[in-house]
Amino acid sequence: MDIYAVFERLRYHHEDEVVEFKSAENSYDFDDIGKYFSALSNEANLREQAFAWLVFGVENKTREIVGTAYKNGMKSLQRLKYDFSQHTTDRNTFRDIFELSVEGKRVLMFQVPAAPRGIPISWKGHFYARRGESLVALDVSKYEEIRRQTVEDDWSAVVIPDASLEDLDELAVAKAREGYKQRFPRLAKVCDKWSDSVFLDKAALTVGGNVTRTTLLLVGKETSAYKLNHIAQIVWKCFQDGQVFGDIYTIPFILTTSELLGRIRNYRFKIYPKNSLIPADVWKYDTESILEGMHNAIAHQNYEKGARIIVTEDKDSLKFQNDGGFYEGSYEQYITGEKTPKSYRNPALVKAMVNIKMIDTQGYGIHKMFQSQKDRFLPMPDYDLSTSDMVVLNIPGTIIDENYSLMLLANQNLSLTDAVLLDQVQKEHPVSADTVAMLRKRKLIEGRLPHIYVSKDIAQATDMKVEYSKHKGLVDKKCEALLIVSLKDHGCLTKQEVVRLLWDVLPDQLNEKQKGYKIDNLLRKMRREGNIMCTHAGNKSIWSLVKE
């Protein structure tokens, strides 16, 4: 792409809904950029353009080059791309950001990808559009126009012309019928009287008697898989005792997922609570969670990419991988079970899987997985979304930190949200400053980012005293090391300078008086050990390293 040629074309093209110029000579509001990203992305979709453009450093009315100092440096611009992805639908962000020198002045060109077909792009949960040169809310008609694209392009709804009911597996159809009766118990008796063709239509497995891709994926014969023109496979890989083995499973998925479930090593083990001779007896994996992982991967896979679903069984975990990012919202929104998805990547497939009780559409699946891990005192599931068009779910099958499990066992009234957040702390995963502040306020953690740890109160209640003391000792060592380095750099420090140096390193749980005592004790200890010395100049105490 000749980006300078693109710029010249945009500069002298009358501004419309897919191009926006801003002077932005020094800065520009982050939220306003986000709103323009949403609006430009949605408008590009509606106008069948691959990209829209937001241009900084150009005056809107005259197209005069004024230059911009916004986010000076590519490192800051790349960080901006990541920051944006945290607030948009499906973590969409700028495809690229170009720095140009035009007439000796810096110009930025933000390349905004068009919203994917069927998926309007939001900014912080709100959808935006353009009306001429104005930024406005995305109206209902435009929203529905984009949403209808999914219905029109639903891969799973396509009828397979050369397929018939002869291509269906009898056992799979029978199992689907049983699932349908469980989902709709009031129809159980009449369901038994329906012919297969009637039942399949009622369950949305077929459409008007026609076999679709959904039909074959769920209840089709293995020998008819070629009619899908898709690999339609789940690969199981197992790592055990230094060996690697596995198998490949194909359609009908309603049967083969249960077959794969039977291959996964699952057993009970015991957790011994504090001051109790009665152990907690728990399963390594919850079978519902295993099926939830596989069935969600089937339901939400982006089949247009032609990829397999991969299930990896390691010694202490299960991993489920499928192509296609989270279609609506983020997994964190589903943990509490409060969010209900409004749309799906494969509507026909999802509808049929719901009808035969393979998945739940109310957003409870993820909630159930997290709750199951908490109820069994195990670490929480992890979602790896580092690749925007792939979902990787990891379910731990063992205790990572016994003390964390004992904490859950000793505090069974702990909310699921608190358990999830403390789980992140135990795994040393990044947590936000707001989360840290909330956990610290509730006396669940101590320390300062990035060195935070379970609080003293929790530690004493759950046999984590040793771990707490280790963390506390690390703070002492950090203060000593910081002071020594500073004294080497500057030769000496006054007592006031020492206090300023160490103040923010000390735990927030200490009040001002306690921090003062802590620093005094540290100085006395280091002087007693012969590491530092103190001299006086008037009423000032001067600290320096002991000369060897």
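Residues numbered from 1 in each chain as written. Predicted model: local features only at pLDDT ≥ 70, side-chain atom pairs only at ≥ 80, totals over all residues. Heavy atoms only, no water.

Caption draft 1: Geometry of helix H5 (residues 170–183). The end-to-end C-alpha distance of H5, which contains 14 residues, comes to 20 Å, matching closely the 20 Å that a straight helix rising 1.5 Å per residue would cover. Within H5, burial applies to Ala172, Val173, Ala176, Arg177, Gly179, Tyr180 and Lys181. Of the surrounding secondary structure, the elements contacted by the buried residues of H5 are helix H6 (188–193), helix H7 (196–202), helix H8 (213–219), helix H9 (253–263) and helix H11 (347–355). The N-cap residue of H5 is Asp169: its side-chain oxygen and the backbone nitrogen of Leu171 are 2.9 Å apart. (Helix = DSSP H or I, 4+ residues; strand = E, 2+ residues; numbered from the N terminus. Expected span 1.5 Å × (residues − 1). Buried < 20%, exposed > 50% of the residue type's maximum accessible area, 1.4 Å probe, protein only. Contact = heavy atoms within 4.5 Å. Polar contact = N/O pair within 3.5 Å; in protein donor to acceptor, adjacent residues only side chain to side chain.)

Caption draft 2: Molecular detail of the pattern of salt bridges. Under the defined criterion, the tally for this structure stands at 19 salt bridges. A salt bridge links Arg11 to Glu103, with the shortest nitrogen-to-oxygen separation between them at 3.3 Å. Separated by 92 residues along the polypeptide, Arg11 in helix H1 (residues 3–11) and Glu103 in the loop between strand S3 (96–102) and strand S4 (105–113) bring together distant segments of the chain. Arg11 sits in the buried class, given a relative accessible area of 9%. Residue class for Glu103 comes out exposed when judged on its relative accessible area of 55%. (Salt bridge = Lys/Arg side-chain N within 4 Å of Asp/Glu carboxyl O.)

Caption draft 3: Region of interest: the sheet that holds S3. With mixed pairing, the four strands of this open sheet are ordered in space as S1-S2-S4-S3. Taken across any chain shown, the strands that pair with only one partner, and hence form the sheet edges, are strand S1 (19–22) and S3. Direction aside, the axes of adjacent strands within the sheet are offset by 20 degrees on average. Inspection of the sheet shows S3 paired to S4 by seven bridges, in the antiparallel sense. Directly across from Glu99, in S4, lies its bridge partner Leu108. The sheet strands contacting H1 are S1, strand S2 (51–56), S3 and S4, and the helix crosses S3 at an angle near 80 degrees. Across the sheet, helix H2 (residues 30–46) lies against S1, S2 and S4, angled at about 150 degrees from S2, the strand it touches most. (Pairing = 2+ DSSP bridges. Axes fitted to C-alpha atoms, helices over the stretch in contact; angles between N-to-C directions.)

Caption draft 4: Representation of the pairing of strand S12 (residues 268–271). Only one face of S12 is covered, namely the face carrying Phe269 and Ile271; the face carrying Arg268 and Lys270 is uncovered. By the bridge criterion, four bridges tie S12 to strand S13 (residues 280–283) in an arrangement that is antiparallel. Each residue of the ladder has a partner; that of Arg268, found in S13, is Trp283.

Caption draft 5: Looking closely at the packing of aromatic side chains. Tallying each qualifying case throughout the model produces 17 aromatic pairs. Aromatic side chains Phe56 and Tyr70 sit 5.4 Å apart centroid to centroid with 80 degrees between the ring planes, which places their arrangement in the edge-to-face category. Taken together, the positions of Phe56 in strand S2 and Tyr70 in the loop between S2 and helix H3 (74–85) put the pair 14 residues apart, joining distant regions of the chain. By relative accessible area, which is 5% here, Tyr70 ends up buried. One aromatic cluster is present, formed by Tyr28, Phe30, Phe37, Phe56, Tyr70, Phe84, Phe94, Phe110 and Trp123 through successive ring pairs. (Phe/Tyr/Trp six-rings, centres within 6.5 Å; stacked < 30°, edge-to-face > 60°.)

Caption draft 6: Structural view of the sheet that holds strand S14 (residues 309–313). Read across the sheet, six strands follow the order S11-S10-S14-S15-S17-S16 without closing on themselves; strand pairing throughout is mixed. Taken across any chain shown, the strands that pair with only one partner, and hence form the sheet edges, are strand S11 (243–249) and strand S16 (382–384). This sheet shows a mean twist of 15 degrees between the axes of neighbouring strands, independent of strand direction. The sheet contact formed by S16 and strand S17 (residues 390–396) spans three bridges and is antiparallel. Bridging across to S17, Asp384 finds its partner in Val392. Along the sheet face, helix H12 (residues 364–375) touches S16 and S17 and points at about 25 degrees away from the line of S17.

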